[in-house]
Amino acid sequence: QVQLVESGGGLVQAGGSLRLSCAASGSIGSINAMGWYRQAPGKARELVATTSSDGTTNYADSVKGRFTISRDNAKNTVYLQMNSLKPEDTAVYYCKLYNFLSRQNYWGQGTQVTVSL
């Protein structure tokens, strides 16, 4: 019912920046939460940042102060601005949407972020 299309991943040097985008379509619901998660090889998927329709945001301690999550409601899009990137940020980044009405989680396909020294 929901499609999430991610873009913006790539290869950058340490200290550089990337901006990830996730455009949602379908039954996204008026009350929802969207967020970014990441998974590095051999590691579990972990929360990076989330934002709810009421404006609440949440960040992992490892990215706080470097990453910023934001929403463009007109475009049904969530962004993740990533600054001061570190090699340990290297992972596949996944967009997620939770629809409170349908009580369903939806995931994007993931986009690779690689940070080199």
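Since this is a predicted model, take the numbers as computed values, not measurements.

## A look at the sheet that holds strand β1 (residues 2–7)
Then comes step 1: Taken together, 4 strands build an open sheet; the order of strands is β1-β3-β8-β7 and the sheet is antiparallel. Strand pairing shows two members of the sheet lacking a second neighbour, β1 and β7 (67–72), which therefore form its edges. In this sheet, adjacent strand axes meet at a mean angle of 15° when their direction is disregarded.
Then comes step 2: Of the strand pairs in this sheet, strand β3 (residues 18–26) and strand β8 (residues 77–82) are connected by 6 bridges, and their pairing is antiparallel. Looking at β8, one finds that Leu20 is bridged to Leu80.

## Points about the state of the cysteines
In protein structure, a disulfide is the covalent linkage between the sulfur atoms of two cysteines.
Then comes step 1: Here the structure, examined in full by the defined rule, presents 1 disulfide.
Then comes step 2: Disulfide pairing places Cys22 opposite Cys95 at an S-S distance of 2.1 Å. Disulfide Cys22-Cys95: torsion about the S-S bond near -85°, hence left-handed. With Cys22 in strand β3 and Cys95 in strand β9 (residues 91–99), this residue pair connects regions lying 73 residues apart in the sequence.
Then comes step 3: The class of Cys22 is buried, set by a relative accessible area of 0%.

So, how was this worked out
Residues numbered from 1 in each chain as written. Predicted model: local features only at pLDDT ≥ 70, side-chain atom pairs only at ≥ 80, totals over all residues. Heavy atoms only, no water. Pairing = 2+ DSSP bridges. Helix = DSSP H or I, 4+ residues; strand = E, 2+ residues; numbered from the N terminus. Axes fitted to C-alpha atoms, helices over the stretch in contact; angles between N-to-C directions. Disulfide = S-S within 2.5 Å. Buried < 20%, exposed > 50% of the residue type's maximum accessible area, 1.4 Å probe, protein only.

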